[in-house]
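Architecture and fold: a report
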2 protein chains.
Amino acid sequence: MAIDLFARQGFDETTVEDIAQAAGMTKRSFFRYFPTKEDAVFEGIDLTGESVVADIAARPADEGPWECLHQVLRAWQEEIHASEQALATIRLIEATPALAGRLHQRRTEWRRRVSNALQDRPGASLDPYTADLLTNAATAVLDAVSSQWARSDGNADRPALLDQGFYQVHVDLNSRQE
Amino acid sequence: MAIDLFARQGFDETTVEDIAQAAGMTKRSFFRYFPTKEDAVFEGIDLTGESVVADIAARPADEGPWECLHQVLRAWQEEIHASEQALATIRLIEATPALAGRLHQRRTEWRRRVSNALQDRPGASLDPYTADLLTNAATAVLDAVSSQWARSDGNADRPALLDQGFYQVHVDLNSRQE
DNA sequence: TTCGATGTGTCACCTGGCGACATGATAGTC
DNA sequence: GACTATCATGTCGCCAGGTGACACATCGAA
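Bear in mind that the values here come from a model prediction, so they are computed numbers and not experimental data. (Residues numbered from 1 in each chain as written. Chains lettered and ligands numbered in written order. Predicted model: local features only at pLDDT ≥ 70, side-chain atom pairs only at ≥ 80, totals over all residues. Heavy atoms only, no water.)

What to know about the protein's contact with DNA strand C
Taken together, 15 residues surround DNA strand C, and among them Thr26, Ser29, Arg32 and Tyr33 of chain A together with Lys37 of chain B come closest. Restricting attention to atoms of DNA strand C within 4 Å of the protein, one finds that 46% of them are sugar or phosphate atoms. Within the side chain of Thr26 of chain A, a nitrogen or oxygen atom sits 2.7 Å from a phosphate oxygen of DNA strand C. Only helix H3 (27-33) of chain A together with helix H3 (27-33) of chain B provide two or more residues apiece to the surface near DNA strand C. With four residues, H3 of chain A is the largest single contributor of residues to the surface near DNA strand C. (Near = heavy atom within 4 Å. Polar contact = N/O pair within 3.5 Å; in protein donor to acceptor, adjacent residues only side chain to side chain. Helix = DSSP H or I, 4+ residues; strand = E, 2+ residues; numbered from the N terminus.)

Next up, the structure:
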């Protein structure tokens, strides 16, 4: 709904009242559904990654954390970006700094939880710094995948890109350099 | 100046008029110095990385891109975070989503330029995706360093953390998995 | 029917941010 | 020393995002 308006006339140029009116409600009501104008863009997309944390805990304990992230994120983003509007949404986000910022805010929350989930895996003995490195590196891959996917006008194979990214980037666990 | 106020009473609780008044100017004048309220926090910090791009071009051509990033960022962040207020600033940013978002916006610009600079290095034949992976992975390390440094109350050795991060994370250049 | 919960509209308000214009200081020229 | 262009700043008014308080309606349970 709101995304159509944003895509047509731009994010900043679309007021909350416009969106609300188009949806047959009041500005005040809009803010009862969405905490901010930005969040209307992420409507229906699970960015907090409830499932991700659970999935991490469910992976076999003898799997390395990097591979674990790889498998979980592969499943997760396939599910997320099955949407029709994915390309338009990504383009919109890339073109709108405020949206990129908001996405990052959500991701920050998400990363904290993922980082903790990694540390909590049975048998894992990760220090917080390494857990952050792993988590941040994973989002680095995710971001690169999104960019490349948008660059290809949505034609690239997202899972393949993700796999490639996870193969090209690795994270060592031993914190001592040899 | 503004950071003191933010640190004392919180970012949202400090209005632009407060800051302006404390600085002996008008609200309107404040916005002539800073494009947004957030930017007052980053006062004096070079986030656009003018120097980084130049430094990348100046590194020896036979150096791998990951090592190149490592060396350049090592120098860069030593310069940046020599400031007294660095810890307070990082804490403030971590506690204020809006600031984290704004920082990320700046970083996005920065990453685009760094990614291009990597591709433009003499002798480098990086595809855009790999260049993005390298750049994003580097910021992943930077972010983890900042978090860890804040976690240690500013006692950790930032350059050492950066080195460790760059050793633990690597990025392969060959895009084919073997 | 009555009651309470839930959803929505209305109104008023604060704040960040911008555009337009006025004013004052400052520096440079004749 | 008077004149003027320039720049910084103040003043005013406006828009839009976001919140709190309150009223009203609808609907299901008792």
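More follows now that the structure is in view.
Some thoughts on the UniProt feature "DNA-binding region" (unreviewed entry) in chain A
In the numbering used here, UniProt assigns the "DNA-binding region" (unreviewed entry) feature to residues 15-34 of chain A. Helix and strand shares over residues 15-34 of chain A are 70% and 0% respectively, and the end C-alpha atoms of the span are 14 Å apart. (UniProt positions renumbered as here; feature names shortened; annotations may be inferred.)

Thoughts on the protein's contact with DNA strand D
Taken together, 16 residues form the shell around DNA strand D, and within it Lys37 of chain A together with Thr26, Ser29, Arg32 and Tyr33 of chain B come nearest. Within 4 Å of the protein, the contacting atoms of DNA strand D are 46% sugar and phosphate, with bases supplying the remainder. Lys37 of chain A is positioned with one of its backbone polar atoms (N or O) 2.7 Å from a phosphate oxygen of DNA strand D. A distance of 2.7 Å separates a phosphate oxygen of DNA strand D from a polar atom in the side chain of Thr26 of chain B. Elements with a contribution of two residues or more to the surface near DNA strand D: H3 of chain A together with H3 of chain B. With four residues, the single largest contributor to the surface near DNA strand D is H3 of chain B. Here the residues of the surface near DNA strand D are counted per class, giving five nonpolar, six polar and five charged. (Nonpolar A, V, L, I, M, F, W, Y, C, P; charged D, E, K, R; others polar.)

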